[in-house]
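# Working through the structure, step by step
Below are the chains, spelled out letter by letter.
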Amino acid sequence: MDEYRYCSTCDAERPFERPECLDGHGVDCPERCCVDCGEAILVDPPLRRDTVRHRHPLAA
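Below: a short report on this structure. Each residue is numbered by its place in its chain's sequence as written, counting from 1. This being a predicted model, a pLDDT of at least 70 is required before a residue's local features are given, and a value of 80 or more before pairs of side-chain atoms are given or counted; all residues contribute to the totals for chains, interfaces and linings. Note that water and hydrogens are dropped before the side-chain values are worked out from all heavy atoms of the structure.

## Quick word on the sheet that holds strand β4 (residues 40–42)
Applicable threshold: Between any two strands, at least two bridges found by DSSP are needed for them to pair. The helix and strand labels rest on DSSP assignments: H or I over at least four residues marks a helix, E over at least two residues marks a strand, and numbering proceeds from the N terminus. Axis angles are defined between N-to-C directions and span 0 to 180 degrees, where every axis is a line fitted to C-alpha atoms and, for a helix, only to the segment in contact.
Strand order in the open sheet made by the 4 strands is β1-β2-β3-β4, with antiparallel pairing throughout. Across the chains shown, the open sheet's two edge strands, defined by having one partner strand only, are β1 (3–7) and β4. Between one strand and the next, the sheet's axes are offset by a mean angle of 45 degrees, whatever the strand orientation. As paired strands, strand β3 (residues 31–34) and β4 are joined by 3 bridges and run antiparallel to one another. Bridge pairing links Arg32 to Ile41 in β4.

## Describing the environment of Pro30
Note the cut-off: Only heavy atoms matter for contacts: two residues are in contact if any of them lie within 4.5 Å across the pair.
Structurally, Pro30 is set in the loop between β2 (12–17) and β3. For the pair Pro30 and Pro19, spaced 11 residues apart in the sequence, the C-alpha separation amounts to 9.8 Å. If we skip the residues at most four places from it in the chain, Pro30 touches His25, Ile41, Leu42 and Val43.

## Topic: the state of the cysteines
How we decide: When two cysteine sulfur atoms are found within 2.5 Å, that pair is recorded as a disulfide.
This structure, assessed with the given rule, holds 0 disulfides. Not part of a disulfide, Cys29 finds its nearest cysteine sulfur in Cys21, a span of 3.4 Å. Not engaged in a disulfide, the cysteine Cys34 finds its nearest cysteine sulfur in Cys37; these two sulfurs lie 3.8 Å apart.

So this is what it looks like as structure tokens:
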């Protein structure tokens, strides 16, 4: 089954597929590749804890 997403290289909606996952994610792999040009994207990548910023409760 193809997933259609916007490809910035093709500048259009294109079919994307999940490549072979070398990181051990299996079916949960967040990587997709454009079938036409090969551009890779991450789909809903997990947030890293050190990049999440919280607003200080005393900040105005």
